[in-house]
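Chains, contacts and geometry: an overview
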Amino acid sequence: MDHSAEFRKWKAQCLSKADLSRKGSVDDDVVELVQFLNTRDQFFTTSSCAGRILLLDGGINGFEVQKQNCGWLLVTHKPCEKDDVIVALKKANGDATLKFEPFVLHVQCQQLQDAQILHSVAIDSGFRNSGITVGKRGKTMLAVRSTHGLEVPLSHKGKLMVTEEYIDFLLNVANQKMEENKKRIERFYNCLQHALERETMTNLHPKIKEKNNSSYTHKKQKKTEKAHAQCITKENDKELENDDDDLGINITIFPEGY
């Protein structure tokens, strides 16, 4: 079986599976983006989360909350109110932690160059911890992600360790991050549409394709960044300059069983 046929088989199998997430469906803020990617021949999404605020009750291992061992006291994909958190905290028996988790998206791509297009768009849109993973069986995955998160312990062994005033402050921070997260999703979707339109036009004109077929060299990367800059305003540029996310492509080779 050639790679294109195998990719179509993987795509059909993935999209036919039931959604096993807690919510059971794609989040409203990324429905259009997910549908857009899944209608393209060279992509399909394997998981996504638009971003959420969580209140978890459980143990803390170092600085990482182990969600599989936690009780979910509160989860919302919208701005959160202090009263909701206070009510949820009353149910806590262990170490309750407030978290904001930003947008994350995993996309399997037919070719490496397809993943490179998405990766460049993700970086330009503020998701600077995005990366590409290549498996031995030829599976090429693009993860869109950032470090635009928040994680703060609020109680210990069921006892609240902070004031309500501090909880109110934390929620203001978390809600601001949620708003910024939503802007980045919109930016990513808009820039992605423009990037794929340009790619389609390039494929329709072989001379342009031949001229630009330097495949992710340093020179190509500069040209791509310049083109994508049209999708980002001066205000957004300032925001991204202050973002401490890591840049780069992560290439990982999975074991044979992947």
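Scroll up to find the structure.
This write-up is about the structure you can find in this document. (Residues numbered from 1 in each chain as written. Predicted model: local features only at pLDDT ≥ 70, side-chain atom pairs only at ≥ 80, totals over all residues. Heavy atoms only, no water.)

**Comments concerning the overall build of the protein chain**
What counts is decided by this rule: Every helix listed is a DSSP run of H or I at least four residues long, and every strand listed is a run of E at least two residues long, numbered separately from the N terminus. Three exposure classes are used, based on accessible area relative to the maximum for each residue type with a 1.4 Å probe and protein chains only: buried under 20%, partly exposed in between, and exposed over 50%. Here, residues are in contact when the closest pair of their heavy atoms is within 4.5 Å. Only the protein chains shown count as cover for residues, and the accessible areas themselves come from Shrake-Rupley with a 1.4 Å probe.
Each helix and strand in the protein chain was counted, giving 8 helices and 12 strands. For the protein chain, the residues scored as buried account for 43% of the 258 residues in total. Taking as baseline every contact in the protein chain between residues at least 6 positions apart, the subset at least 24 positions apart corresponds to 75%. Accessible surface, the protein chain as shown: approximately 14,800 Å² in total, 50% of it carbon and sulfur.

**Let's talk about the pairing of strand β8 (residues 131-134)**
Applied cut-off: Between any two strands, pairing holds if DSSP finds at least two bridges.
Relative to strand β9 (residues 140-144), β8 is paired through 4 bridges, and the arrangement is antiparallel. Counterpart to G131 in the pairing with β9 is A143. The turn linking β8 back onto β9 is made up of 5 residues, and G138 within it adopts a positive phi angle of 95°.

**Notes on the environment of D27**
Along the polypeptide, D27 turns up in the loop between α1 (3-16) and α2 (31-38). Taking the C-alpha atoms as reference points, D27 and G51, 24 residues apart in sequence, are found 8.7 Å from one another. Dropping the residues within four chain positions of it, D27 is found in contact with C49, A50 and H77.

**Here's the deal with the sheet that holds strand β1 (residues 43-49)**
For clarity, the cut-off: Axis definition: a line fitted to C-alpha atoms, over the contacting stretch in the case of helices. Angles run 0 to 180 degrees between N-to-C directions.
Reading across the sheet, the 4 strands line up as β1-β7-β9-β8 and stay open at both edges, with antiparallel pairing between neighbours. Taken across any chain shown, the strands that pair with only one partner, and hence form the sheet edges, are β1 and β8. Recorded for the sheet is a direction-independent mean angle of 20° between the axes of neighbouring strands. Two elements, strand β7 (residues 104-109) and β9, share 5 bridges in a ladder whose sense is antiparallel. Paired with Q108 across the bridge in β9 is M141. Relative to the sheet, α1 contacts β1 and β7, its axis offset from that of β1 by approximately 35°. Strand contacts of α2: β1 and β7, with the helix running at about 160° to β1, the strand carrying the most contacts.

**Topic: the nonpolar core**
Selection criterion: Here, nonpolar core refers to any group of buried Ala, Val, Leu, Ile, Met, Phe, Trp, Tyr and Cys residues whose side-chain atoms link them within 4.5 Å.
Core analysis: the biggest nonpolar cluster contains 27 residues, and L105, F188 and L192 have the highest contact counts within it. Among the elements of the structure, α2, β7, α4 (112-124), β9 and α5 (164-204) are those that each provide at least two residues to this core. Apart from residues lying up to four places away in sequence, L192 is in contact with L33, F36, L37, L118 and V121. The next biggest cluster of nonpolar side chains, apart from the first, holds 22 residues, and it includes L74, V152, V162 and A174.

**Quick look at unusual backbone geometry**
For K157, which is not a glycine, the phi torsion comes out positive at approximately 55°. Within the secondary structure layout, K157 lies in the loop between β11 (155-156) and β12 (159-160).

**Looking at the packing of α4 against α5**
To keep things clear, this is the line we draw: Crossing chirality is assigned from the near helix's rotation relative to the far helix, an anticlockwise turn below a right angle marking it left-handed and a clockwise turn marking it right-handed.
Viewed as axis vectors pointing N to C, α4 and α5 meet at an angle of 145°, and their least axial separation amounts to 9 Å. Viewed along their axes, α4 and α5 form a crossing whose handedness is right-handed. Here I117, L118, V121, A122 and D124 of α4 come into contact with α5, specifically with R187, F188, C191, L192, A195, L196 and E199.

**Focus: helix α3 (residues 82-89)**
The following threshold applies: In this description, one arc is meant: the one made by directions from the helix axis to the C-beta atoms.
For α3, the set of buried residues is V85, I86, A88 and L89. The buried residues of α3 occupy one face: seen down the axis, they fall within an arc of 165°. Where the residues of α3 are buried, they touch β2 (52-58), β5 (71-76), β6 (95-101), β12 and α5.

**Let's talk about the sheet that holds strand β10 (residues 150-153)**
A sheet is described by the order of its strands in space; here 4 strands give the open sequence β5-β2-β6-β10, paired in antiparallel fashion. Of all strands in the sheet, those bounded by a partner on one side alone are β5 and β10. Pairwise comparison of adjacent strand axes, ignoring direction, gives a mean angle of 15° for this sheet. Alignment of β6 against β10, held across 4 bridges, turns out to be antiparallel. Bridge pairing links L98 to V152 in β10. Strand contacts of α3: β2, β5 and β6, with the helix running at about 170° to β5, the strand carrying the most contacts.

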